[in-house]
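Chain by chain, the residues run as shown.
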Amino acid sequence: MNKYSLEDLLTSKGYYNNDLNSLISKDFPSSKFIRDPSFETEYKLMRTLAVQEDDFSKVAEVFMSIVRRVHGIDTAKPEAVLREAHQIYINAQKQLARVFGDQGQFDVVQAHLQNACSGLKIEIGYSKEVVLHPEITGDEIDTLTRNALRHTPTEYFLQHVETAMQEGDPQKVDKYAFLSLQSLREKGVIKAPERWRMAGGVPLKDQRQEADVMLQTVFSRLWRKANGVVIGRKIEEAVGYAVREGNYDPYADNSRLEKLRREMQDVVFNVVRRTVPDEKVSDAITGTLLYFDRFFDPAYDQLLACRQDPDHPLRTIYRPKKEKGKVVGFERVPIATTAVVPRSFYEQVFAQRPIPVHPFFNAVVERYASR
């Protein structure tokens, strides 16, 4: 979270011309109840922390220190200050969201909005608790979010889409693809088409709507690619478990292999249901089932057989790849040869065609060079 003070941010942007103390000392309705000189220092600290800190639990810690000193008997005054501080905190978080939105820092805005939307429940003993509810409306959230989308460069969201696709994170692809579209719509570059036009296949006459649809298609492809990365990683992990050697529990490995099989199938069916048109999804699912039955499952059964057979041929090609002791994939077994190629053969080949001979051919050369 950005640690600029609220005073610096607001005064530099012209939003707030008074000093920090005027926000801290703002006259809230509950202030008339707070006249206990013995805790005035703590009360002021609670209001100050509500502005200076993004974590409201620090305010709650001061509140609890007061409650412990009064032994939970008379907590009306500190409770009133706590609610006042919470209201100050919500206002400060909303103002910070507006400032950082103007600066085009979308993720910082989202963090402040999340703070503003969070409530709190504090137990103070004797079966008593203080519940603080967030005081921010849906319209305020929408306004602050749209402001941040307008000022944040769209390239920021697009880069996140690309990165999420490469990392195999379909959820993040969805999130940042949506934000990319919203950002471009707020800037007026594209325009969301009417749903009845999209559903009915009615031609779009607005170029901005056409661009919107094209971008949605591109993002759909990137989402499918991200799922492909997910499946690829699960296949690599399955092969790693299949060729693992040593005194590992075969039952546990088989359970992990079966779990990976189900997860891959779920990913494939999810992609089919989401990307295939409704009128064709039934045929697509049927085709997917045939693929699993005729190709995927027989191949996967070989992995299960390999796990049970220490002499399975697959083990001569692959070995498990581990990170921090956990199987994460596989790597190829290097093929080494100790065969020595006669010098005369190298000299003869190099004289005719000056190209080095790859060691892979050593065994062949050793066998036939003297003939």
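That block above? That's the structure.
This is a predicted model, so every value here is computed, not measured. (Residues numbered from 1 in each chain as written. Predicted model: local features only at pLDDT ≥ 70, side-chain atom pairs only at ≥ 80, totals over all residues. Heavy atoms only, no water.)

Draft legend 1. Expanded view of the environment of R274. Its location among the elements puts R274 in helix α12 (residues 250–275). According to the relative accessible area criterion, R274 is partly exposed, its value standing at 45%. On a C-alpha basis, the gap between R274 and R224 in space is 9.7 Å, while along the polypeptide they are 50 residues apart. Setting aside chain neighbours within four positions, we find R274 in contact with D174 and W223. (Helix = DSSP H or I, 4+ residues; strand = E, 2+ residues; numbered from the N terminus. Buried < 20%, exposed > 50% of the residue type's maximum accessible area, 1.4 Å probe, protein only. Contact = heavy atoms within 4.5 Å.)

Draft legend 2. Looking closely at the pairing of strand β2 (residues 128–132). Sheet topology places strand β1 (residues 120–125) next to β2; five bridges connect them, and they run antiparallel. Its bridge partner lying in β2, L120 is registered against L132. Linking β1 to β2, which pair antiparallel, is a turn of two residues; within it Y126 sits at a positive phi near 55 degrees. (Pairing = 2+ DSSP bridges.)

Draft legend 3. Representation of the packing of helix α11 (residues 207–242) against helix α13 (residues 281–308) in the model. Two elements in contact, α11 and α13, have axes whose closest approach is 8 Å; the angle formed by their N-to-C orientations is 30 degrees. Taken together, the axis directions place α11 and α13 in an arrangement best described as roughly parallel. Of α13, the residues touching α11 (which contributes A238, V239, Y241 and A242) are Y300, L303, C306 and R307. Residues belonging to the contact of α11 with α13 are distributed by class as follows: seven nonpolar, no polar and one charged. (Axes fitted to C-alpha atoms, helices over the stretch in contact; angles between N-to-C directions. Parallel < 35°, antiparallel > 145°, perpendicular 65-115°, else oblique. Nonpolar A, V, L, I, M, F, W, Y, C, P; charged D, E, K, R; others polar.)

Draft legend 4. Looking closely at the pattern of salt bridges. In this structure the tally under the stated criterion is 20 salt bridges. For the salt bridge of E42 with R69, the shortest nitrogen-to-oxygen distance reads 2.9 Å. Of the two residues, E42 sits in helix α3 (residues 40–52) while R69 sits in helix α4 (residues 57–69), which places them 27 residues apart along the sequence. Taking the relative accessible area as the measure of exposure, R69 reaches 43% and is therefore partly exposed. Here the residues in one salt-bridge network are D142, R146, R150 and E186, joined through shared partners. (Salt bridge = Lys/Arg side-chain N within 4 Å of Asp/Glu carboxyl O.)

Draft legend 5. Main features of the environment of R332. Counting through the fold element by element, R332 comes out in strand β4 (residues 326–332). A sequence separation of 14 residues divides R332 from Y318, and the C-alpha atoms of the two residues are 4.5 Å apart. If we skip the residues at most four places from it in the chain, R332 touches I317, Y318 and R319.

Draft legend 6. Seen up close, the packing of aromatic side chains. One pass over the full model with this rule turns up ten aromatic pairs. Taken together, a centroid distance of 5.4 Å and an interplanar angle of 75 degrees make the contact between Y156 and F157 edge-to-face. Y156 sits in the partly exposed class, given a relative accessible area of 29%. Classification of F157 by relative accessible area gives buried; the value is 0%. For the pair F292 and F296, a centre-to-centre distance of 5.2 Å together with 80 degrees between the ring planes defines the contact as edge-to-face. (Phe/Tyr/Trp six-rings, centres within 6.5 Å; stacked < 30°, edge-to-face > 60°.)

Draft legend 7. Representation of helix α5 (residues 76–102) in the model. With 27 residues, α5 should reach 39 Å at 1.5 Å per residue; the first-to-last C-alpha distance of 40 Å fits that figure. Burial within α5 is extensive, with 20 of its 27 residues counted as buried. Note on α5: the residue one or two positions beyond its end, G104, has a positive phi of about 75 degrees. (Expected span 1.5 Å × (residues − 1).)

Draft legend 8. Highlighting the nonpolar core. Formed by 74 residues in total, the largest nonpolar core has its most connected members in M46, V59, F63, L82 and Y300. Among the elements that make up this core, the one with the highest residue count is α11 (ten residues). For V59, the contacting residues outside a window of four places in its chain are M46, L49, A50, L82 and A85. (Core = buried A, V, L, I, M, F, W, Y, C linked by side-chain atoms within 4.5 Å.)

Draft legend 9. Local environment of unusual backbone geometry. One non-glycine residue, K324, lies in the positive phi region at around 55 degrees. Position of K324 among the secondary structure elements: in the loop between β3 (318–323) and β4.

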